[in-house]
2 protein chains.
Amino acid sequence: MNKKLNWLENGTITSPKKFLAGATYSGIRTYAKDKLDLGILYSETPCTVAGTFTKNQIRSLSVVLDQKRVSTGRSQALIVNSGIANACVGEQGMTDAIEMASLAATHLGIDQELVLASSTGLIGVELPMALIKNGVTKITVSPDGGQALARAIKTTDRVSKEFAIEFQVGGNSYILGGIAKGSGMIHPDMATMLAFLSTDAPVNASFLQKALSKSVAESFNMIDVDGDTSTNDSVIIFSNGAGGGEEITDNSRDSDVFTEALNEICIALAKEIAKDGEGASKLIEVTVQGASNSNDAKLAAKSIAASTLVKSAIHGEDPNWGRIMVALGYSGAKVEESLVSLYINNVCLMESGVPIPFFKDAVSLTMAEEEVAIKVDLNLGESSATSWGCDISEEYVSFNSEYTT
Amino acid sequence: MNKKLNWLENGTITSPKKFLAGATYSGIRTYAKDKLDLGILYSETPCTVAGTFTKNQIRSLSVVLDQKRVSTGRSQALIVNSGIANACVGEQGMTDAIEMASLAATHLGIDQELVLASSTGLIGVELPMALIKNGVTKITVSPDGGQALARAIKTTDRVSKEFAIEFQVGGNSYILGGIAKGSGMIHPDMATMLAFLSTDAPVNASFLQKALSKSVAESFNMIDVDGDTSTNDSVIIFSNGAGGGEEITDNSRDSDVFTEALNEICIALAKEIAKDGEGASKLIEVTVQGASNSNDAKLAAKSIAASTLVKSAIHGEDPNWGRIMVALGYSGAKVEESLVSLYINNVCLMESGVPIPFFKDAVSLTMAEEEVAIKVDLNLGESSATSWGCDISEEYVSFNSEYTT
């Protein structure tokens, strides 16, 4: 990692200056043990803002509202609930999203147009606005509230996901913080994924959008199958400039330090999501190199990480490389069998299309760890990509069979 | 079904005239209980032949050989083994495929160019040619051998899949028989699927190919995700004309009766495959109607049938229609939420985008049956499609974690 980057201990979304947060239990998320279900992120001053949103044609009207408000490039707060997704409820969804933002605006004493509203949870059920109305009044935002907010956005997540990183641009030191929710599942993307980021660096809005889109493509979208997105997926970043200094744009000296910090935090959060599949015990990292082009590298890496047969084999610590080859073959990426080399945990199992006799027990033993690395070299070009997924266990199925409508 | 079609009791691939088959245990399939693992299909006279093959870029060289030989439009026999796929073994795969066909040709006393060779099973292991050479000599083909052949091609299949249907064209009565192997899995297509068909009707080779391609698109490919095909997938049909009468072409009177018979048998075999997933207990039939075009209808139906979250919900007999909507939304098909109507077992759960409050226990009770029907009306156009899949159970994962390399 770049020497100008430094992970903060216990870092979270309120680690950057003048970002406050808070959460409460409003009563929406009846099925979870970790009861916080409604939270607010607030910046003491208005921010530049950027976001990327689900491509699913069936989308929550909260997403539609946020997309519109983020497009202005300015925002100051976010209210979010877990438990109910505000999706597939007709036009009522827009009324409720606007009201939710408006309740937070009144509570915070700011313009309602500067507030975003986000939801995650069950589809097809209307938001219980009375509970939200009552809940908002109980939220106190503070500089220590980041961890509570990270807990409040969880649904099936086993752990909270939060990080902060310090970076230097133009002689100034800034912080970038972030929280996320989502779990790896079989198609990671089918569970709603939310990520919220904050920085006290003064980032120009259009540069912020450009940098975010690029980072999301190499992180959250790499635990994703193209097009397989949920109704509510959102990644939103706020920049309040409280760290001082000149506005950071595409042309600023060291602007790449900011984009690198953003990449690092997005990848860290994405890996946490990939690892947190229901019943999953291992993180699978798939690296494809030597692809003809970048799109092929991504297709191939994601196809392997998404294969349920590969996931099952890794769960069983079985170096079944044939399943990796099959997933590679149908990925859509250009593949020439006679050029492919394949590694599990750095042990070469196939070289230039020829299987290598290997000691199965030894490779299997390396797969007992919490992370399993698959590497494929297509030997066709110079492009590479990395994708992440989790293994699939019997518990995954139990869990998703019993999850209530 | 057309009145001119009639299912035969205990019908199989040797039900049509002058088709013989036989199988033996050669020792390849060490892991299965049902020991037959090498078989031959033989017609007493040369046939017209047609085939469709996997689109996976990693493919068995047996498939490459068959594709070449089928393209001549003429064949007389097929030798097939289960246990080892003859895939990912470099150029040796072609040598072995040719030798396998040649051994059968010598045994049957026919031209080796008229023999096809097919394999299914583990990837990355060379065919044990000594076992095959010895095994071939033990095979006796007979008009009663169809069921033995159907057993010999099984790998993880729980049941044999075989049917025959009688049909009339131009005043003549003919029989069409077929066998298949494959199991539904999560991505049905990732397990190798083989289907072999035979008819004593005299079908013109190019019409045979055209009819087969069309039927496969509406049957085997509808238990399949586009592009997700295994290394060895093949569907091959032989027509020996032993039933007499004039050659059947595209322009023959009643030629549509033949294509309908072919559709029926392909759909019947495909449904058997979909139902036979490891640990699966239910067949899921997804019908999408009102799509803008036929491709959209197929995309939407397959996306829903392939969703692991939908499969998990159905395993738990949980009418979780939100997961159906999500799969619809990312399918790539054009969808307008406010127009969608959705039914589980004919109970309407959503009408024109508005969820209908329904009695969950009653709908759940209807899902306790062996077949669950999902119907979606997109209300955008006139096209429809049907896809089939199975539910996913805890046993699926156990099975695929333990399946040995």
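Residues numbered from 1 in each chain as written. Chains lettered and ligands numbered in written order. Predicted model: local features only at pLDDT ≥ 70, side-chain atom pairs only at ≥ 80, totals over all residues.

### Quick notes on the overall build of chain A
Then, number 1: Across its full length, chain A holds 11 helices and 15 strands.
Then, number 2: The C-alpha radius of gyration computed for chain A amounts to 22 Å, which stays within 12% of the reference 22 Å derived for 405 residues, consistent with globular compactness.
Then, number 3: The contacts of chain A with a sequence gap of at least 6 include a subset with a gap of at least 24, amounting to 80%. (Helix = DSSP H or I, 4+ residues; strand = E, 2+ residues; numbered from the N terminus. Rg over C-alpha atoms; globule rule 2.2 N^0.38 Å. Contact = placed C-beta atoms within 7 Å.)

### With respect to the packing of helix α2 (residues 92–108) of chain A against helix α3 (residues 129–136) of chain A
All names here are of chain A.
Then, number 1: At a closest axis distance of 10 Å, the pairing of α2 and α3 adopts a crossing angle of 15 degrees. In terms of their interaxial angle, α2 and α3 are classed as roughly parallel. The two elements α2 and α3 meet at a crossing, and its hand is right-handed. In contact with Asp96, Glu99, Met100, Leu103, Ala104 and His107 of α2, α3 contributes Met129, Ile132, Lys133 and Val136.
Then, number 2: Among the residues forming the contact of α2 with α3, the class breakdown is 6 nonpolar, 1 polar and 3 charged. (Axes fitted to C-alpha atoms, helices over the stretch in contact; angles between N-to-C directions. Parallel < 35°, antiparallel > 145°, perpendicular 65-115°, else oblique. Left-handed = near helix turned anticlockwise from the far one by under 90°. Nonpolar A, V, L, I, M, F, W, Y, C, P; charged D, E, K, R; others polar.)

### A few points about the sheet that holds strand β14 (residues 371–377) of chain A
All names here are of chain A.
Then, number 1: The mixed open sheet is built from 6 strands, whose spatial order is β13-β12-β11-β14-β10-β15. Edge positions in the sheet fall to β13 (354–355) and β15 (383–390), since each of these pairs with one other strand and no more.
Then, number 2: Pairing of strand β12 (residues 347–351) with β13, which is carried by 2 bridges, proceeds in the antiparallel orientation. Looking at the pairing, Glu351 lines up with Val354 of β13.
Then, number 3: The strands touched by helix α7 (residues 294–306) are β10 (283–291), β14 and β15; relative to β15, the strand with the most contacts, the crossing angle is about 20 degrees. (Pairing = 2+ DSSP bridges.)

### Description of helix α3 (residues 129–137) of chain B
Residues and elements named next belong to chain B.
Then, number 1: What α3 keeps buried is the set Ile132, Gly135 and Val136. Each buried residue of α3 sits inside an arc of 100 degrees when the element is viewed along its axis, so together they form one side. For α3, the exposed residues set more than 90 degrees away from the buried face come down to Ala130 and Thr137.
Then, number 2: Tucked into the core, α3 has its buried residues touching β2 (19–24), β3 (38–53), β4 (74–84) and α2 (92–108). (Buried ≥ 20, exposed ≤ 12 C-beta atoms within 10 Å, placed from the backbone. Arc of directions from axis to C-beta.)

### Describing unusual backbone geometry
Then, number 1: In this model, Ser352 of chain A sits at a positive phi of 45 degrees, which is unusual for a non-glycine residue.
Then, number 2: Checked against the element boundaries, Ser352 of chain A lands in the loop between β12 and β13.
Then, number 3: On the neighbour-count criterion, Ser352 of chain A (13 C-beta atoms within 10 Å) is partly exposed.
Then, number 4: Residue Asn346 of chain B is not a glycine yet carries a positive backbone phi of 70 degrees.
Then, number 5: Within the secondary structure layout, Asn346 of chain B lies in the loop between β11 (341–344) and β12 (347–351).

### Some thoughts on the pairing of strand β6 (residues 161–169) of chain B
Residues and elements named next belong to chain B.
Then, number 1: Counting buried positions along β6 gives 7 out of 9 residues, so the element sits mostly inside the fold.
Then, number 2: Note that strand β1 (residues 5–7) and β6 share 3 bridges and pair antiparallel. Bridging from a neighbouring strand, Asn6 pairs with Glu166 of β6.
Then, number 3: The antiparallel hairpin formed by β6 and strand β7 (residues 172–181) contains 2 residues in its connecting segment, where Gly170 sits at a positive phi of about 55 degrees.

### Observations regarding the packing of helix α8 (residues 308–315) of chain A against helix α9 (residues 321–329) of chain A
Residue and element names in this part refer to chain A.
Then, number 1: Across the interface, α8 lies against α9 with an axial gap of 9 Å and an inter-helix angle of 160 degrees. Compared by their axis directions, α8 and α9 come out roughly antiparallel. Our pair here, α8 against α9, has a crossing hand that is left-handed. Contact with α8, carried on its side by Leu309, Val310 and Ala313, involves Arg323, Ile324 and Ala327 of α9 and no other residues of that element.

### What to know about the domain arrangement of chain A
Residues and elements named next belong to chain A.
Then, number 1: Entries for chain A in the domain assignment read domain 1 (5–275) and domain 2 (283–402).
Then, number 2: With centres defined by C-alpha atoms, the gap from domain 1 to domain 2 works out at 32 Å.
Then, number 3: Contact with domain 1, which involves 11 residues of that partner, is made by 14 residues of domain 2.
Then, number 4: Within the side of domain 1 that touches domain 2, the residues separate by chemical class into 7 nonpolar, 2 polar and 2 charged. (Domains from an automatic or database assignment.)

### Notes on the sheet that holds strand β15 (residues 383–390) of chain B
All names here are of chain B.
Then, number 1: If you walk across this open sheet you meet the 6 strands as β13-β12-β11-β14-β10-β15, and the pairing is mixed. The sheet is open, and its two borders are formed by β13 (354–355) and β15, each paired with just one other strand.
Then, number 2: Sheet strands in contact with helix α6 (residues 255–275) are β10 (283–291) and β15, and its direction is about 45 degrees off that of β15.
Then, number 3: Where helix α7 (residues 294–306) meets the sheet, it contacts β10, β14 (371–377) and β15, and its direction lies at approximately 20 degrees from that of β15.

### Quick notes on the environment of Pro355 of chain A
Then, number 1: Along the chain, Pro355 of chain A falls in strand β13.
Then, number 2: As a C-alpha pair, Pro355 of chain A and Phe163 of chain A span 192 residues in sequence and 42 Å in three-dimensional space.
Then, number 3: Discounting chain neighbours no more than four positions away, the residues touching Pro355 of chain A are Leu349 and Met350 of chain A together with Cys88 and Gly124 of chain B.

### A short note on the confidence of the model for chain A
When pLDDT drops low, the exact placement of atoms in the prediction is not to be read closely.
Residues and elements named next belong to chain A.
Then, number 1: The predicted model of chain A has a mean per-residue pLDDT of 91, with 92% of residues at 70 or higher.
Then, number 2: Segment residues 186–190 is flagged for pLDDT under 50; beyond a separation of four residues in sequence, or across chains, it makes 23 contacts in the model.
Then, number 3: Across the interface, the model reports ipTM at 0.82; the global pTM reads 0.88. (pLDDT = per-residue confidence, 0-100.)

### As for α8 of chain A
All names here are of chain A.
Then, number 1: Burial analysis of α8 places 8 of its 8 residues in the buried class, the great majority of the element.
Then, number 2: Of all the residues in α8, the buried ones are Thr308, Leu309, Val310, Lys311, Ser312, Ala313, Ile314 and His315.
Then, number 3: Just downstream of α8, Glu317 is the residue with a positive phi angle, here 55 degrees.

### Quick look at the environment of Phe167 of chain A
All names here are of chain A.
Then, number 1: Assignment of secondary structure puts Phe167 in strand β6 (residues 161–169).
Then, number 2: Its 24 C-beta neighbours within 10 Å are what place Phe167 among the buried residues.
Then, number 3: Residues Phe167 and Leu5, spaced 162 residues apart in sequence, show a C-alpha to C-alpha distance of 4.7 Å.
Then, number 4: With near-sequence residues (within four places) excluded, Phe167 lies in contact with Lys4, Leu5, Tyr174, Leu176, Val257, Phe258 and Ala261.

### Re the environment of Gly182 of chain A
Then, number 1: Mapped onto the fold, Gly182 of chain A is located in the loop between β7 (172–181) and β8 (194–199).
Then, number 2: Between the C-alpha atoms of Gly182 of chain A and Thr155 of chain A, which are 27 residues apart in sequence, the distance is 7.6 Å.

### Description of the pairing of β15 of chain B
Residues and elements named next belong to chain B.
Then, number 1: Of all 8 residues in β15, 6 are buried; the element is thus mostly enclosed.
Then, number 2: With 7 bridges connecting them, β10 and β15 associate as antiparallel partners. By the bridge assignment, Val286 is partnered in β15 with Ser387.

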